[in-house]
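Notes for the structure review
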Amino acid sequence: MSASSLPPPSAPGERPDSVLSYPKFLWSMWRLAFTGSFAYYAGMTALTAVALVGLNAWAHQLADGMVRTHMTDHVSWGLYIANFTFTVGLAAGAVMMVIPAYLYDDEEMHDVVIVGELLAVAAIVVCVGFIAVDMGRPDRMWHVIPGIGRLNWPVSMLSWDVVVLNGYLLLNLHICGYLVYMKYLRRRPNKRFYLPFVFLSIGWAISIHSVTAFLYAGLGGRPFWNSALLAPRFIVSAFITGPAFVILLLHVIRRFAPAFRVADGPIELLARVLRITILVNLFMFGSEAFTELYSGGAHHVSARYLFLGLHGKHALVPWIWTGVALNLTSAILVHLPQSRTNRTVLMAACVAAFGGVWIEKGMGLIIPGFVPSTLHEVVEYTPSLTEWKISAGIFAAGLMVLVVLLKMALPVFTGRISVARSSMTSLPPAAPSSASLLPPSSRGDVS
Amino acid sequence: MDKAKRRTLKVLGSTLGAAAFAYAIEPLRAWASDMSLGELLQKHYRELTPDEMRAVLARLEADAEAKYGREVTIEDIRPTPGVELGYALNLSVCIGCRKCAEACHVENNHDRTTNNSYIRVLEMEQGSFDLEKGTTTYDHAVPSPGKYYLPVQCQQCDNAPCVKVCPVQATWKESDGIVVVDYNWCIGCRYCEAACPYHARRFNWSKPEIPAEEINPNQSYLSNRVRPQGVVEKCTFCLHRTRKGLLPACLEACPTGARVFGNLLDPNSEIRWVLAHKRVYVLKEELGTRPRFFYYFDN
Ligand code: SF4
Ligand code: SF4
């Protein structure tokens with residue numbers, strides 16, 4: 001869209017033309033992504049290596065078929081869909097931070113909102129990756145495109161998921177892209193061009209995770225998923241993983257990009273969110289476990305298998321109890337008074353919460369839906385090496401996307417890169433933007 | 001580090017990266033060599049014109065010969081108006097011999113290594129309909145005292161959960177009541193497999209392997225042609241037979257005559273007689289799937 005027809009921007013100084021500056025902007029971003037300190041190169045190389053291992057495993061899986069996984073007709077979804085489900089939550093949760101920032105006009109939060117939205121973008125990329133590797137025929141991906149293909153909308157929940165995930169990706173790309181570009185132009189962003197989308201994305205964040213829950217909850221033949229509490233539980237756990245990851249991320253940014261000031265206020269606000277959602281999640285988890293286990297009947301077998309094992313088979317038992325332990329640990333840590341003063345305590349709580357939800361919303365939710373099968377056969381599943389490799393590869397690629405996005409956006413937000421500074425060519429070659437990604441003490445060993 | 005050194009390192013890095021990338025995707029060559037543009041761009045079954053359909057069938061026949069070394073005929077057989085097919089099974093008579101499952105395996109060109117079949121036979125506790133107490137892996141002389149046998153295959157649900165969930169309409173219900181899959185349209189997401197309450201769908205985890213001489217050459221597009229890797233398949237009541245007035249392979253193989261098949265719209269058919277005179281059950285009635293596969297007992 002052209003912003004040049006807008007009412008005069010209130011930014012002082014020169015008014016660069018937004019259309020003419022755009023190629024320059026893209027070029028600066030490109031340069032930023034490919035220039036950095038030694039640590040940046042080393043990190044990206046390591047992530048690339050993991051991503052390539054995953055890519056190679058996927059190539060083998062495509063050639064030989066899904067036999068390379070340990071999924072069967074009994075357990076027809078496994079680690080991929082488990083990770084997909086979890087990451088949708090992360091994507092939704094990352095944007096939930098927008099709520100305090102815009103609804104309550106919390107000024108300090110405004111600065112970190114961009115971090116959350118960039119995280120959402122990277123998380124959606126991961127989600128799409130997991131869907132792609134779970135497909136038997138990714139070469140037919142175009143069948144879901146409305147018009148050319150035959151998207152079964154609105155009947156299939158999966159097609160809803162396709163629609164809302166892509167919509168969410170576009171929304172967040174627009175918001176981030178617009179805000180960063182305006183910062184680059186040193187203009188004040190025009191509210192009309194992003195505020196409506198911000199509010200839309202808040203609602204949309206709820207919808208992506210509810211739709212993902214309905215994907216499972218809508219299957220009458222799978223009693224373990226067929227629960228009205230599933231969508232609320234999904235939302236609550238999104239409110240855990242999003243803030244937990246963002247708290248950790250803000251600490252990393254503090255260390256590597258000190259120029260981007262991260263105030264204590266937002267971190268404390270996110271910790272307050274965590275203190276509540278972790279408890280609500282435990283409560284909901286407990287009520288579901290109670291209903292399933294206490295009432296007995298046909299519905300409870302999957303839960304029995306999950307928590308206690310069934311007919312001598314208990315592959316999931318260690319998983320779920322580890323998940324429970326992590327959730328409890330995070331609940332205790334986050335409520336210790338030290339979590340307000342000691343950063344390590346808070347970060348440990350975040351790691352525990354993140355791991356706990358990963359198990360609970362991943363393997364602990366998807367696999368027991370299939371065990372026992374609809375004809376009550378107990379067939380177990382443990383992911384194959386191929387599945388682990390591909391999953392690691394997708395997460396590595398997602399992390400790369402996140403790092404690159406941050407690396408492009410943060411220097412703009414701190415004012416180091418802008419149209420006036422005519423991108424990086426005018427910066428000293430030895431310490432370009434990379435300087436902002438390293439703490440001052442370690443700047444000496446850059447190149 | 002000076003500029004030139006930096007550049008050299010960058011060039012070296014990207015060369016190594018490109019080499020690693022090429023190595024990583026190398027297995028895709030085998031994958032791509034198995035595909036043709038015609039296959040990649042083929043339209044949905046229901047959008048093919050008669051001419052296009054002829055071309056597709058010819059391509060599929062040539063493909064089958066190239067891949068499996070057997071000359072086959074693949075037809076596109078449409079439902080007959082005024083016919084709605086239904087199946088009934090007499091649980092008092094079924095002895096659990098699994099001859100039906102075996103016949104299905106052969107008739108439908110199932111993968112030999114996995115010994116696949118669309119039919120699973122559960123050995124059940126007499127006096128109980130509790131699937132929890134059944135087993136499909138029994139391995140002894142049948143019938144075993146105190147047991148009865150419950151063969152389960154696609155129930156061709158009138159309100160089919162599998163059809164509802166498919167994101168690309170690769171599976172649908174035909175006018176004669178048979179739920180079919182377009183194997184050339186399915187994207188292999190396996191959502192239908194998760195949705196089916198009767199464990200009736202199978203996924204092709206790898207390319208099916210069948211020796212040329214064991215292939216059943218009488219095939220149709222929507223049923224027993226050898227399926228591609230990475231798609232879902234299911235029982236079609238042998239539509240390549242039943243739409244021509246023959247009986248399903250499982251029924252012909254049944255030594256006890258436990259199986260009854262026919263046109264539900266024909267008041268004089270045997271199946272209508274069974275539905276009118278026997279106590280008839282359907283599986284998991286509470287789910288509202290409305291099966292066209294009925295179970296009954298003799299008294
Ligand atoms: S039995 Fe399963 S596969 Fe067959 S129509 Fe019903 S839901 Fe679909
Ligand atoms: S596996 Fe194929 S038929 Fe089944 S839901 Fe997915 S696309 Fe549809």
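Residues numbered from 1 in each chain as written. Chains lettered and ligands numbered in written order. Predicted model: local features only at pLDDT ≥ 70, side-chain atom pairs only at ≥ 80, totals over all residues. Heavy atoms only, no water.

**Some points on the site of ligand 2**
As a structural note, the neighbourhood of ligand 2 is formed by C166(B), P167(B), V168(B), T171(B), C186(B), I187(B), G188(B), C189(B), R190(B), C192(B), R201(B) and V232(B). Partitioning the shell around ligand 2 into residue classes produces eight nonpolar, two polar and two charged. (Near = heavy atom within 4 Å. Nonpolar A, V, L, I, M, F, W, Y, C, P; charged D, E, K, R; others polar.)

**Side note on a negative patch on the surface**
Residue and element names in this part refer to chain A. A contiguous patch of negative charge, built from D105, E107, E108 and D111, is present on the exposed surface. Take D105: it is sitting in the loop between helix 4 (98-103) and helix 5 (107-134). Accessibility expressed as a relative area gives 53% for D105, which makes it exposed. (Patch = residues over 30% accessible without salt bridge, like charges linked within 9 Å, V, L, I, M, F, W, Y side chains within 5 Å. Areas by Shrake-Rupley, 256 points an atom, 1.4 Å probe, with all protein chains shown as cover. Salt bridge = Lys/Arg side-chain N within 4 Å of Asp/Glu carboxyl O. Lys, Arg positive; Asp, Glu negative; His and termini not counted. Charge placed at Lys NZ, Arg CZ, Asp CG, Glu CD. Helix = DSSP H or I, 4+ residues; strand = E, 2+ residues; numbered from the N terminus. Buried < 20%, exposed > 50% of the residue type's maximum accessible area, 1.4 Å probe, protein only.)

**What about the packing of helix 3 (residues 79-96) of chain A against helix 8 (residues 230-256) of chain A?**
Residues and elements named next belong to chain A. Following both chains from N to C, one finds helix 3 and helix 8 inclined at 70 degrees, their axes separated by 7 Å at the closest point. In this view, helix 3 runs roughly perpendicular relative to helix 8, as classed from their interaxial angle. The crossing of helix 3 and helix 8 is right-handed. Contact with helix 3, carried on its side by T85, F86, G89, L90, A92, G93, A94 and M96, involves F234, A238, F239, T241, G242, P243 and F245 of helix 8 and no other residues of that element. Grouping the amino acids of the contact of helix 3 with helix 8 by side-chain chemistry returns ten nonpolar, five polar and no charged. (Axes fitted to C-alpha atoms, helices over the stretch in contact; angles between N-to-C directions. Parallel < 35°, antiparallel > 145°, perpendicular 65-115°, else oblique. Left-handed = near helix turned anticlockwise from the far one by under 90°. Contact = heavy atoms within 4.5 Å.)

**Observations concerning the sheet that holds strand 2 (residues 85-90) of chain B**
Residues and elements named next belong to chain B. Reading across from one edge, 10-2-12-11 is the order of the four strands in this open sheet, with mixed pairing throughout. Because the sheet does not close on itself, it has two edges, and the strands there are strand 10 (259-263) and strand 11 (279-281). Taken pair by pair, the neighbouring strands of this sheet meet at an average axis angle of 30 degrees, ignoring direction. Inspection of the sheet shows strand 2 paired to strand 12 (residues 293-297) by four bridges, in the parallel sense. (Pairing = 2+ DSSP bridges.)

**Comments concerning the packing of aromatic side chains**
Residues and elements named next belong to chain A. Per the stated rule, a full pass over the model turns up 40 aromatic pairs over all chains. When the centroid spacing of 6.1 Å and the interplanar angle of 85 degrees are considered together, the rings of W77 and Y216 count as edge-to-face. Highlighted residues: W77 in the loop between helix 2 (38-64) and helix 3 and Y216 in helix 7 (residues 191-217), separated in sequence by 139 residues. For W77, a relative accessible area of 2% corresponds to the buried category. (Phe/Tyr/Trp six-rings, centres within 6.5 Å; stacked < 30°, edge-to-face > 60°.)

**Quick look at the nonpolar core**
Within the largest apolar cluster, 221 residues are counted, with the highest numbers of intra-cluster contacts made by Y216(A), W225(A), I253(A) and I366(A). Counting residues per element, this core draws most heavily on helix 5 of chain A, which supplies 16 residues. Those residues in contact with I366(A) that lie beyond four places of it in its chain are W77(A), G78(A), I81(A), A82(A), T85(A), Y216(A) and W225(A). Core analysis: the second largest hydrophobic core is formed by seven residues, A88(B), L264(B), I271(B) and V274(B) among them. (Core = buried A, V, L, I, M, F, W, Y, C linked by side-chain atoms within 4.5 Å.)

**Side note on the pattern of salt bridges**
Applying the stated rule across the entire model yields 32 salt bridges over all chains. Linking E377(A) and R120(B) is a salt bridge whose minimum nitrogen-to-oxygen distance equals 2.8 Å. Residue E377(A) is found in the loop between helix 14 (363-366) and helix 15 (385-413), and its partner R120(B) is found in strand 3 (residues 120-125); the two belong to separate chains. With a relative accessible area of 11%, E377(A) lands in the buried category. Between E233(B) and R227(B) there is a salt bridge whose closest N-O contact spans 2.9 Å. In this structure R227(B) comes out as buried when scored by relative accessible area, which is 3%. By sharing partners, the salt bridges in this structure join R137(A), D139(A), R140(A) and E39(B) into a single network.

**Concerning the packing of helix 3 of chain A against helix 13 (residues 343-361) of chain A**
Residues and elements named next belong to chain A. Packing of helix 3 against helix 13 leaves a shortest axis separation of 8 Å and a crossing angle of 130 degrees. Relative to helix 13, the element helix 3 is oriented oblique. Seen along the crossing, helix 3 lies across helix 13 with a hand that is right-handed. Across the interface between the two elements, A82, N83, T85, F86 and L90 from helix 3 touch F354, V357, W358 and K361 from helix 13.

**Re the pairing of strand 4 (residues 147-152) of chain B**
Residues and elements named next belong to chain B. Counted residue by residue, strand 4 has five buried out of six residues, so it is predominantly covered. As paired elements, strand 3 and strand 4 share six bridges and run antiparallel to each other. Bridging across to strand 4, M124 finds its partner in Y148.

**So, the environment of N108(B)**
All names here are of chain B. Note on placement: N108 falls in the loop between helix 5 (99-107) and strand 3. Along the primary structure N108 and N218 are separated by 110 residues, whereas in three dimensions their C-alpha atoms are 9.6 Å apart. In this structure, N108 is in contact with Y118, N224, R227, C238 and H240, ignoring residues within four places of it in sequence.

**Looking at the interface of chain B and chain A**
Contacts between chain B and chain A engage 60 residues on the former and 55 residues on the latter. Between chain B and chain A, the buried area comes to about 5100 Å², and carbon and sulfur atoms account for 56% of it. When residues of chain B are sorted by the area they lose upon contact with chain A, E132(B), Y191(B) and W205(B) head the list and together hold 15% of the total. Applying the counting criterion to the chain B and chain A interface returns five salt bridges. For E39(B), the salt bridge is made with R137(A), and the minimal N-O distance between the two is 3.2 Å. At the boundary of chain B with chain A, the tally comes to 33 residue pairs in polar contact (both at pLDDT 80 or more). No other element matches helix 1 (residues 3-24) of chain B, which puts six residues into the side of chain B that touches chain A. Grouping the constituent residues of the side of chain B that touches chain A by class yields 37 nonpolar, ten polar and 13 charged. (Buried area = accessible area lost by both parts, 1.4 Å probe. Polar contact = N/O pair within 3.5 Å; in protein donor to acceptor, adjacent residues only side chain to side chain.)

**Some words on the side chain of R222(A)**
Relative to the elements of secondary structure, R222(A) occurs in the loop between helix 7 and helix 8. The side chain of R222(A) is buried and forms no salt bridge, while E193(B), the nearest opposite charge, is found at 7.6 Å. When sequence neighbours within four positions are dropped, the list of residues in contact with R222(A) reads G369(A), F370(A), S373(A), T374(A), E193(B), A194(B) and C196(B).

**A few points about the environment of A123(A)**
Residues and elements named next belong to chain A. Relative to the assigned elements, A123 resides in helix 5. Note on A123: relative accessible area 3%, which makes it buried. Each C-alpha atom, one on A123 and one on L90, is 6.6 Å from the other, the two residues being 33 residues apart in sequence. With sequence-adjacent residues up to four places away left out, A123 is seen in contact with T87, L90 and A91.

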